[in-house]
Amino acid sequence: MKSEARTLHSAPIAAQPAQVIALKVAPAPRRRQRRLRPLLQRLIPASCGIILLLFVWQLASMSSKGFPTPYATWQAAVTLFADPFYNNGPNDQGIGWNVVASLQRVAIGFALAALVGIPAGFLIGRFSFVAHMLNPIIALLRPVSPLAWLPIGLLLFQRAEPASSWTIFICSIWPMVINTAEGVQRIPQDYLNVARVLRLNEWTVMRRILFPAVLPAVLTGMRLSMGIAWLVIVAAEMLTGGLGIGFWIWNEWNNLNVENILIAIMVIGVVGLLLEQALILLARRFSWDK
């Protein structure tokens, strides 16, 4: 009887550690589900979108003569990216060199637009006289199509290479100017009142007060300008020729390589997405709302 009583009393005591261990181990699958749920919520819709795109693509290839199927385009991409940086002369280079050439033109035009547009936006937002002087010019020139400026660039520079960068400059400067000016105008007046009390000069106000407060708006304008610049460079290179992804597309069309044109469209989209995401991450890094 005593031994049975001991076993009865000892059984719950032995079961308690197992219950505690089970309580500690049980939340682990839930944690994994919580981590996987946001990933699945993004991957499943994205996969459905890709499948829908491939389905529409296949239907288009079946209903249109000469339009390549997704599989034929994939085979052409495997061959194309086997050596994307080959160089057989000025007019026969891999798609990699053409993308690099386009990025160089975009970088030159975009950098010049930033050097001019951001200071101009500061001046417009800071001084009402400058705003009244430049706002009519901006309102007049901003709606003009970027490609309308290409003949002006060809006339001014007499060469295709600077003309393409000029087109990128003139089309990407407006978002920087407008966003920077609006950011300066939205700065609380208390900041400027403190600067007056401290008798800070204009350069110190620009450097210490305006620029840190306006930086998120400046980065937003740069992101918008980058999207426009990468959009315009393809059309500009089609008209000017030379090395570049736009001219490469036009050359492939003349050679009736439609598969390579579709591949170039995908490459342009991927590069543009990467450029935009890089600027978005940069804007979040300096945003006050993070």
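Per chain, residues are indexed from 1 in the order of the written sequence. Given that this is a predicted model, residues contribute local features only at a pLDDT of at least 70 and side-chain atom pairs are listed and counted only at 80 or more, while totals for whole chains, interfaces and linings are drawn from all residues. Side-chain metrics rest on all non-hydrogen atoms present in the structure, leaving aside hydrogens and water.

**Q** Would you mind going over unusual backbone geometry in detail, with residue names and values included?
**A** The phi angle of most residues is negative, glycine excepted, and most peptide bonds adopt the trans form. Its identity as a non-glycine residue notwithstanding, Gln-158 has a phi of 60 degrees, on the positive side. Position of Gln-158 relative to the elements: it lies in the loop between helix 6 (150–157) and helix 7 (160–185). For every residue, the accessible area (1.4 Å probe, protein chains only) is compared with the maximum for its type, and the residue is labelled buried under 20%, exposed over 50%, or partly exposed between those bounds. By relative accessible area, Gln-158 is classed as exposed at 59%. The phi dihedral of Leu-256 falls on the positive side, at around 60 degrees, and the residue is not glycine. Leu-256 gets classed as exposed once you look at its relative accessible area, which sits at 64%. Each helix corresponds to a stretch of at least 4 residues labelled H or I by DSSP, and each strand to a stretch of at least 2 residues labelled E; elements are numbered beginning at the N terminus.

**Q** Residues and numbers for helix 11 (residues 258–285), please.
**A** One less than the residue count of a helix, multiplied by 1.5 Å, gives the span that helix is expected to have. With 28 residues, helix 11 extends 41 Å from end C-alpha to end C-alpha; this agrees with the ideal 40 Å at 1.5 Å per step. Of all the residues in helix 11, the buried ones are Asn-260, Ile-261, Leu-262, Ile-263, Ala-264, Val-267, Ile-268, Val-271, Gly-272, Leu-279, Ile-280 and Ala-283.

**Q** Now, about the packing of aromatic side chains: what can you tell me, with residues and values included?
**A** In this analysis, rings of Phe, Tyr and Trp, with Trp reduced to its six-membered ring, are considered paired at centre separations within 6.5 Å, and the interplanar angle assigns stacked below 30 degrees, edge-to-face beyond 60, and tilted for intermediate values. Within this structure, the stated rule accounts for four aromatic pairs. Between Phe-85 and Trp-97, the ring centres sit 5.1 Å apart and the planes meet at 80 degrees, which makes this aromatic pair edge-to-face. Pair noted here: Phe-85 is in the loop between helix 3 (70–80) and helix 4 (95–126) and Trp-97 is in helix 4, with a separation of twelve residues, a long-range link. The exposure class of Phe-85 is partly exposed, given its relative accessible area of 44%. Plain terms: the ring middles of Trp-149 and Trp-166 are 6.2 Å apart, the flat faces sit at 75 degrees to each other, and that makes the pair edge-to-face. Taken as a pair, Trp-149 in the loop between helix 5 (128–141) and helix 6 and Trp-166 in helix 7 lie far apart in primary sequence, 17 residues in all. For the pair Trp-149 and Trp-166, one class covers both residues: buried. Here, a charge over a ring is recorded when the distance from Lys NZ or Arg CZ to the ring centre is within 6 Å and its angle to the ring normal is within 35 degrees. Its end group placed over the ring of Phe-127, Arg-126 keeps NZ or CZ at 5.9 Å from the ring centre.

**Q** Hey, could you go over the pattern of salt bridges for me, with residue numbers and the actual values?
**A** Put simply, a salt bridge is a Lys or Arg side-chain nitrogen that is within 4 Å of an Asp or Glu carboxyl oxygen. If you walk through the whole model with that rule in mind, you get three salt bridges. Glu-161 is the partner of Arg-105 in a salt bridge, and the nearest nitrogen-oxygen pair spans 3.1 Å. Taken as a pair, Arg-105 in helix 4 and Glu-161 in helix 7 lie far apart in primary sequence, 56 residues in all. The closest approach of N and O atoms between Glu-237 and Arg-105, which form a salt bridge, is 2.6 Å. Taken together, the positions of Glu-237 in helix 9 (residues 202–240) and Arg-105 in helix 4 put the pair 132 residues apart, joining distant regions of the chain. Using a relative accessible area of 4% as the deciding quantity, one classes Arg-105 as buried.

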